[in-house]
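These are the residues of each chain, in order.
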Amino acid sequence: MLGRVRGAVSYANVVSTMALVAAGSGGAYAVATSVPANSVGTTQIVNGAVTGPKIAGGAVTGTQVKDGSLYAGDFAAGQLLTYRGGWASTTTYVARNVVYYGGSSFVARTTSKGVLPTNTSYWSLLAVRGGTGPTGATGATGATGATGTTGPAGPAGPTGPQGPVGPSYGDGVRFSNVTMACSGATYIASLSVTPSKNSRLLANAIGHWGPSAPGQSDFYNVSRYAEITNSSDVVLARTGISQNSATYADRTSKDLGLSGLVLVSGGGAYELTGGTTYTLRLVTVGNSSCTADPKAFDGELSYVLVGTTN
């Protein structure tokens, strides 16, 4: 009989029987059990089952919070920092406001207005400005831009100073109706000569002379010269023609023309010194006794510097 009872007893029968006995006797029965590590995951926790009061202080640290798992809506008002841009003296700031000032960022510790972020009673340094980084590599040269339009012409500049006098190589002067002395010298015309370097001078004269009024029958004996003098009026050299005679009966005027290098006594060409000023003049010398002086009519005295000896 015991064998038939043993065969009919199972674990379920035993547990059921013990429960009935406990309930009938008014007693209690406890079964001590343990939960294996990592046996409870997110799938075993019902939403809303874990609340703030059920989490011990310091039980959750930053390393246990997954990136992106928290949103602004998960935080109460005033818990997050609020960026307010560059600090302005006219703006009112409250705690946790962040501003930019002097290259660094600051977070407000309390309400303020017009208080510089450097005041540590109202602000805390959040991030200090970094040092200047190394100079970067030079970039590639850009393409040449298009040529701009031509601007308006600028105003005319001031007149420059007078340039130096250029070298003299020749000159001339005209004369007309110059009265000639019957006896003695008459200076018909003159020129100033300043060669730039040592030079020889070829003198030229053209024109004519004759009696000054009709009816004269006097005899005229006239010599004519082109001569060079220095600043002291000393004759240095000359060229010319002597003893050119005429009477009024000829009814013609006589030539004043001459041409030649001015010569020193003995026939050598005179050399003018460069940078020195001389006078070239046309002279007539009368050797007559007359009742009326003759005249040198229209003519010209000129010269040409013909070369140097150095």
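Remember, it's a predicted structure, so these values are computed and weren't measured experimentally.

Undergrad: I'd like a rundown of the pattern of salt bridges, residues and numbers included.
TA: Tallied over the full model, the rule gives three salt bridges. The partner of Glu 227 in a salt bridge is Arg 238, with the nearest N and O atoms 2.7 Å apart. With a gap of 11 residues between them, Glu 227 in strand 11 (residues 219–229) and Arg 238 in strand 12 (residues 235–247) connect regions that are remote in the sequence. Overall, Arg 238 belongs to the partly exposed group, its relative accessible area being 37%. Note that Asp 233 is salt-bridged to Arg 281, the shortest N-O span being 2.8 Å. With Asp 233 in the loop between strand 11 and strand 12 and Arg 281 in strand 15 (residues 278–287), this residue pair connects regions lying 48 residues apart in the sequence. When its relative accessible area of 9% is taken as the criterion, Arg 281 is described as buried. Put simply, Glu 227, Asp 233, Arg 238 and Arg 281 are held in one network by salt bridges that share partners.

Undergrad: Just give me the short version of the side chain of Thr 229, but keep the residues and values in it.
TA: Looking at the secondary structure, you find Thr 229 in strand 11. Setting aside residues no more than four positions away along its own chain, Thr 229 makes contact with Val 234, Val 235, Leu 236, Tyr 278, Thr 279 and Arg 281.

Undergrad: Would you mind going over the packing of aromatic side chains in detail, with residue names and values included?
TA: A full pass over the atoms with the stated rule returns three aromatic pairs. Centroid distance Trp 87 to Tyr 101: 5.8 Å. Interplanar angle 80°. Geometry classified as edge-to-face. Within this pair, whereas Trp 87 is found in the loop between strand 1 (82–86) and strand 2 (92–93), its partner Tyr 101 is found in strand 3 (residues 97–101), the two being separated by 14 residues in sequence. A residue is classified by how much of its surface remains accessible, and Trp 87, at 17% relative accessible area, is buried. Plain terms: the ring middles of Tyr 93 and Trp 123 are 5.4 Å apart, the flat faces sit at 70° to each other, and that makes the pair edge-to-face. Taken together, the residues span a long stretch of sequence, with Tyr 93 in strand 2 and Trp 123 in strand 6 (residues 123–127) at a distance of 30 residues. Assigned by exposure class, Tyr 93 and Trp 123 land together as buried. The lysine or arginine in question, Arg 238, covers the ring of Tyr 225, its NZ or CZ lying 4.5 Å from the ring centre.

Undergrad: So, the pairing of strand 4 (residues 104–108): which residues are in play, and what are the values?
TA: Two faces, one strand: in a regular strand the side chains alternate between the faces of the sheet. Among the five residues in strand 4, five count as buried, and that is most of the element. Burial of the side chains of strand 4 extends over both faces: Ser 104, Phe 106 and Ala 108 are buried on one face and Ser 105 and Val 107 on the other. Across four bridges, strand 3 lies against strand 4 in antiparallel orientation. If you follow Val 98 over to strand 4, its bridge partner there is Val 107. Bridge count between strand 4 and strand 6: four bridges; the pairing is antiparallel. For Val 107, the partnering residue across the bridge sits in strand 6 and is Ser 124.

Undergrad: Talk me through the pairing of strand 3; I want residue IDs and the actual numbers.
TA: Where strand 1 and strand 3 come together, three bridges link them in parallel fashion. In the sheet register, Thr 82 faces strand 3, and the bridge partner there is Asn 97. Between strand 3 and the antiparallel strand that follows it, strand 4, lie two residues; Gly 102 among them carries a positive phi value of about 60°.

Undergrad: Lay out the nonpolar core with the relevant residues and their values.
TA: In terms of nonpolar packing, the biggest core is built from 27 residues, with Phe 175, Leu 201 and Leu 280 touching the most fellow members. Elements with a minimum of two residues in this core: strand 9 (183–193), strand 10 (200–210), strand 11, strand 15 and strand 16 (295–307). Each residue touching Leu 280, except ones within four places of it in the same chain, is listed here: Ala 189, Ser 190, Leu 191, Val 193, Leu 201, Ala 203, Ala 226, Glu 227, Ile 228, Leu 301, Ser 302 and Tyr 303. Grouped together as the second largest cluster of nonpolar side chains are seven residues, Val 99, Phe 106, Ala 108 and Val 115 included.

Rules behind the numbers
Residues numbered from 1 in each chain as written. Predicted model: local features only at pLDDT ≥ 70, side-chain atom pairs only at ≥ 80, totals over all residues. Heavy atoms only, no water. Salt bridge = Lys/Arg side-chain N within 4 Å of Asp/Glu carboxyl O. Helix = DSSP H or I, 4+ residues; strand = E, 2+ residues; numbered from the N terminus. Buried < 20%, exposed > 50% of the residue type's maximum accessible area, 1.4 Å probe, protein only. Contact = heavy atoms within 4.5 Å. Phe/Tyr/Trp six-rings, centres within 6.5 Å; stacked < 30°, edge-to-face > 60°. Lys NZ or Arg CZ within 6 Å of the ring centre and 35° of its normal. Pairing = 2+ DSSP bridges. Core = buried A, V, L, I, M, F, W, Y, C linked by side-chain atoms within 4.5 Å.

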